[in-house]
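Structure at a glance
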Amino acid sequence: MKKNLSLVAMAAVVCSFFVGCASTSNKGAFVSTVEHPRTYVIDLADAKTGNVSKFNLLSGTQIYGSNNEFTDFLKYDPPQKGDTFEVHYKGVSDIDLPGIELCISNHSTWNNLISQEQCELALAEDIKAGVPFEGVKTYVLDGTAPSATAKVFFDLYYDNCLIKNDPAKYPVTGKKATITWEKTDVETTNTALDSGEVVTRPEGPIEFVVEVSDVAKLLQFDVGDTENGNVVNFKTITTITDAPVFKYYLPKKGDTVTVSYNGTSDVDINTPITLTVVDNSEAAGWWKEICAGADEWKTWGDDPIVAGQEFTVKQSFTVTSDAVGGVAIIAIYPAEGATGALWKFIRK
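Residues numbered from 1 in each chain as written. Predicted model: local features only at pLDDT ≥ 70, side-chain atom pairs only at ≥ 80, totals over all residues. Heavy atoms only, no water.

Bringing the pairing of strand S5 (residues 63-66) into the picture now. With burial as the criterion, each face of S5 is covered, one bearing Ile63 and Gly65 and the other bearing Tyr64 and Ser66. Bridge count between strand S4 (residues 56-57) and S5: 2 bridges; the pairing is antiparallel. Bridge assignment links Asn56 to a residue of S5, and that residue is Gly65. Where S5 lies against strand S11 (residues 152-159), 4 bridges are found, and the strand directions are antiparallel. (Buried < 20%, exposed > 50% of the residue type's maximum accessible area, 1.4 Å probe, protein only. Helix = DSSP H or I, 4+ residues; strand = E, 2+ residues; numbered from the N terminus. Pairing = 2+ DSSP bridges.)

For the coordinates displayed, the defined rule picks out 1 disulfide. Linked covalently through their sulfurs, Cys103 and Cys119 form a disulfide whose S-S length is 1.8 Å. The disulfide joining Cys103 to Cys119 has a torsion of about 95° about its S-S bond and is therefore right-handed. A residue pair is termed long-range when its members are at least 10 positions apart, and Cys103 in strand S7 (residues 97-106) and Cys119 in helix H3 (residues 116-119) qualify at 16 residues. (Disulfide = S-S within 2.5 Å.)

Below, the discussion takes up the nonpolar core. Of all hydrophobic cores here, the largest spans 40 residues; its most connected members are Phe246, Trp300 and Trp343. Only strand S14 (207-211), strand S20 (256-265), strand S21 (274-279), strand S24 (311-318) and strand S25 (328-334) provide two or more residues apiece to this core. If you look at the next biggest cluster of nonpolar residues, it comprises 38 residues, including Ala47, Ile104, Leu156 and Ala177. (Core = buried A, V, L, I, M, F, W, Y, C linked by side-chain atoms within 4.5 Å.)

Below, the discussion takes up the packing of aromatic side chains. Scanning the model with the defined rule gives 18 aromatic pairs in all. Ring centres of Tyr64 and Tyr158 lie 5.2 Å apart, and the angle between their planes is 10°; on these two criteria the pair is classed as stacked. With Tyr64 in strand S5 and Tyr158 in strand S11, this pair connects stretches of sequence that are 94 residues apart. For the pair formed by Tyr64 and Tyr158, the shared burial category is buried. Measuring from ring centre to ring centre gives 6.0 Å for Phe70 and Phe73, while their planes differ by 40°; the resulting arrangement is tilted. Connected via pairs of aromatic rings, a cluster forms that spans Phe221, Phe234, Tyr261, Trp300, Phe311, Tyr333 and Trp343. Above the plane of the ring of Phe345 lies Lys217, whose end atom (NZ or CZ) is 5.4 Å from the centre. When the ring centre of Phe317 is taken as reference, the NZ or CZ atom of Lys298 above it lies at 5.7 Å. (Phe/Tyr/Trp six-rings, centres within 6.5 Å; stacked < 30°, edge-to-face > 60°. Lys NZ or Arg CZ within 6 Å of the ring centre and 35° of its normal.)

Take a look at the structure:
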């Protein structure tokens, strides 16, 4: 099931891309010894997902695709806009293929890291079954992989795809292919801690200062818990993993996470707003409490919020258990005498 869902989402990635970045500060981040813009060398045979690409038909399309993951090589110095990927390949297909193409994507947010125009370029052409083919293709990034949890994939496609603008040259095969990749004479760029490429995390606890607006300009409080058909509270859950302070690593036990937001509300909120920080990533089984005891739930702001008037809420939490895949905030206020709210960010 996961495979099918991945391919459906991958089809959406082919058709659009988004670019996003933000800036803030934190204490003691990993720092790459290689300046950006930089060049990453990729050998398709080194993919974490293995050196065999099995192409499947994407749901609702006539496109065959294959996912090839390189996250572990890149996560300690995530690619940025303007960087270059030099992709080396040497493979053998089990069927004839008129051409295959490549899209570089962040599967965490399902956006392309290169432009649509670059996705439309053929990586290789006129591939014959059983005959080795090889080459090198260079791509310049138009997007950024913003965090340490960004999943960087090199996605391959053929058939009624982006090179469909020349159906005579790239006719539809209508068949599943399997391509086995062999090692070329290059090594894939490795930004891991043992590569000597980055300065490691400093010893001791780290303070992460998160401006929620770096990842979400609007916060919508919708109906949360209900009891006997009655609304108990209004709630917002916002993933903040892509905040710049988490670009290289996630909070560990003993760290501090400070969360703030400045904006206006469309309704009055006279009851206390409580906040907690959790890990709601797939790696954490979709739910892990990382701030326990007195720091599990705290009041977010001290004063009532008046509709239309600017306010600032801020709170700090001590992390009691390592985050393993991401960070999210959950804010709640009682429903009695209140309605759902929409918060809009205002720059200070």
